[in-house]
There are 2 protein chains.
Amino acid sequence: MLAKIYITLKKDVLDPQGSVIANSLKSLGFNNIEDVRQGKYIEIKLDSENEESANKQINEMCEKLLANLVIEDYKVEIN
Amino acid sequence: MLAKIYITLKKDVLDPQGSVIANSLKSLGFNNIEDVRQGKYIEIKLDSENEESANKQINEMCEKLLANLVIEDYKVEIN
């Protein structure tokens, strides 16, 4: 089973990496950029019997290790 | 227009960050992990007239700055 995890900074948290990317893109001539946010993308291959238990485990992983819930949100997709 | 960009290492490229995550998760008791790959996730808000021109621009940004095409693949979704 393959889990795709998207970790993003919460809306109100400053994203200096995103700002750097935005400025670099603007200096390359892309002047119509309004905002850039950088996050993390993690793929986990899991040996799991069913989607429900995989989902539960992945959420546990995010809460214990992968995401910092004070400043980050996460979203999980399981195939 | 919001573009979501997923940048991942190519299949054959070693992913030390992914290995560290896999080992950390295993040491937390998640023993059914088979593989972990870490990538980047970037959201770009763009002032663009239509999806086609946004798509063209985003692909150009990926090729010029965001992704290293020697070792990385990217995928774009535009809403």
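Note that this is a predicted model, so its numbers are computed, not measured.

Enquirer: I would appreciate a short explanation of a negative patch on the surface in the present structure.
Expert: A contiguous patch of negative charge on the surface is contributed by Glu34 and Asp35 of chain A together with Asp47 and Glu49 of chain B. In this structure, aspartate 47 of chain B sits in the loop between strand E2 (33–46) and helix H2 (51–66).

Enquirer: Sorry if this is basic, but what is going on with the relation of the copies chain B and chain A here?
Expert: The pair of chain copies shares a relation made of a rotation about an axis and a shift along it. When chain B is fitted to chain A, the best match, at an RMSD of 0.0 Å, comes from turning it 180° and sliding it 0.0 Å along the axis. Taken together, the rotation and translation relating the two chain copies correspond to the operation of a two-fold axis. With an isologous cut-off of 70% or more, the 100% of interface residues of chain B that recur at the interface of chain A puts this contact in the isologous class.

Enquirer: When you look at the side chain of glutamine 57 of chain B in this model, what are you seeing that I'm missing?
Expert: Tracing the backbone through its elements, the reader meets glutamine 57 of chain B in helix H2. By relative accessible area, which is 19% here, glutamine 57 of chain B ends up buried. Polar contacts involving the side chain of glutamine 57 of chain B include one to the side chain of asparagine 32 of chain A, which spans 2.7 Å.

Enquirer: Can you help me understand the interface of chain B and chain A in this one?
Expert: Interfaces are frequently sized by the accessible area removed from exposure as the parts join. Across the contact, 31 residues belong to chain B and 31 residues belong to chain A. Together chain B and chain A conceal approximately 2,900 Å² of surface at their shared face, both sides included; 63% is due to carbon and sulfur atoms. When the buried surface of chain B facing chain A is broken down by residue, Phe30, Asn32 and Tyr41 of chain B rank first, second and third, together holding 20% of it. Here chain B and chain A share zero salt bridges between them. For the pair chain B and chain A, the interface holds 12 residue pairs in polar contact (both at pLDDT 80 or more). Breaking the side of chain B that touches chain A down by element, the ones donating at least two residues are strand E1 (2–9), helix H1 (16–27), E2 and H2 of chain B. Top contributing element to the side of chain B that touches chain A by residue count: E2 of chain B, with 14 residues. Partitioning the side of chain B that touches chain A into residue classes produces 14 nonpolar, six polar and 11 charged.

Enquirer: Would you mind going over the packing of aromatic side chains with me for this structure?
Expert: Each aromatic ring pair is characterised by the separation of its centres together with the angle its planes make. Under the counting rule described, the total for this entry stands at five aromatic pairs over all chains. Measuring from ring centre to ring centre gives 5.6 Å for tyrosine 41 of chain A and tyrosine 6 of chain B, while their planes differ by 55°; the resulting arrangement is tilted. In this pair, tyrosine 41 of chain A is assigned in strand E2 (residues 33–46) and tyrosine 6 of chain B in strand E1, connecting two distinct chains. The pair tyrosine 41 of chain A / tyrosine 6 of chain B is uniform in exposure class, with both members buried. Among the aromatic residues, ring-to-ring pairing joins Tyr6 and Tyr41 of chain A together with Tyr6 and Tyr41 of chain B into one connected group. In this arrangement the basic side chain of lysine 75 of chain B is found over the ring face of tyrosine 6 of chain B, its NZ or CZ atom lying 4.9 Å from the centre.

Enquirer: Sorry, what's going on with the side chain of aspartate 15 of chain A here?
Expert: All names here are of chain A. Within the element layout of this structure, aspartate 15 appears in the loop between strand E1 (2–9) and helix H1 (16–27). Put simply, aspartate 15 is tucked away with no salt bridge, and the nearest opposite charge, on arginine 37, sits 4.3 Å away. In terms of polar contacts, aspartate 15 uses its side chain to reach the backbone amide nitrogen of glutamine 38, at 2.7 Å. Setting aside residues no more than four positions away along its own chain, aspartate 15 makes contact with Leu9, Val36, Arg37 and Gln38.

Enquirer: How should I be thinking about H1 of chain A in this particular structure?
Expert: For an α-helix, the turn length of 3.6 residues means that residues three or four places apart are oriented alike. End to end, H1 of chain A covers 17 Å across 12 residues, agreeing with the expected 16 Å (1.5 Å per residue, within 8%). Within H1 of chain A, burial applies to Gly18, Ile21, Ala22 and Leu25 of chain A. With its buried residues spanning 100° around the axis, H1 of chain A presents them on a single face. Set apart from the buried face of H1 of chain A by more than 90 degrees, the exposed residues are Pro16, Val20 and Ser27 of chain A. Looking at the buried positions of H1 of chain A, the neighbouring elements they touch are E2 of chain A together with E2 and H2 of chain B. Backbone geometry just downstream of H1 of chain A places glycine 29 of chain A in the positive-phi region, at approximately 105°.

The rules behind the values
Every residue gets a number counted from 1 within its own chain, in the order that chain's sequence is written. Labels follow written order: the first chain is A, the first ligand is 1, and so on. Since the coordinates come from a predicted model, pLDDT governs what is reported: local features require at least 70, and pairs of side-chain atoms require 80 or more to be given and counted, while whole-chain, interface and lining totals use all residues. Excluded from the side-chain calculations are hydrogens and water; all other atoms, namely the structure's heavy atoms, are used. A patch consists of residues whose relative accessible area exceeds 30% and which take part in no salt bridge; residues with like charges are grouped when within 9 Å of each other, and nonpolar side chains (Val, Leu, Ile, Met, Phe, Trp, Tyr) when within 5 Å. Reported accessibility uses the Shrake-Rupley method at a 1.4 Å probe radius. Residues are deemed covered only where the shown protein chains occlude them. A pair is scored as a salt bridge if a Lys or Arg side-chain nitrogen falls within 4 Å of a carboxyl oxygen belonging to Asp or Glu. Note that His is not counted, nor are the chain ends; the positive residues are Lys and Arg, and the negative ones are Asp and Glu. Think of each charge as sitting on NZ of Lys, CZ of Arg, CG of Asp or CD of Glu. Starting at the N terminus, helices and strands are each numbered in turn, a helix being any DSSP run of H or I of at least four residues and a strand any DSSP run of E of at least two. What sets the superposition is a least-squares fit of C-alpha atoms, and only residues with pLDDT of at least 70 in both copies go into it. Contact definition: two residues touch when any of their heavy atoms are within 4.5 Å. Only protein chains enter the accessibility calculation, which uses a 1.4 Å probe; a residue is then buried when its area is under 20% of its type maximum, exposed when over 50%, and partly exposed in between. By the criterion applied in these results, polar contacts are pairs of N or O atoms within 3.5 Å in which, for protein atoms, one can donate a hydrogen and the other can accept it, and in which residues neighboring in sequence qualify only through two side-chain atoms. Computed with a 1.4 Å rolling probe, the buried area is the accessible surface lost when two parts are put together, summed over both parts. Gly is placed with the polar residues, together with every amino acid not listed as nonpolar (Ala, Val, Leu, Ile, Met, Phe, Trp, Tyr, Cys and Pro) or charged (Asp, Glu, Lys and Arg). Note on ring pairs: Phe, Tyr and Trp rings are taken, using the six-membered ring of Trp, and paired if centres are within 6.5 Å. Classes follow the plane angle, with under 30 degrees stacked, over 60 edge-to-face and the rest tilted. The criterion for a charge sitting over a ring is simple: Lys NZ or Arg CZ within 6 Å of the ring centre, and within 35 degrees of the ring normal. Each helix should span, by expectation, one fewer than its residue count multiplied by 1.5 Å. This arc corresponds to the set of directions leading from the helix axis out to the C-beta atoms.

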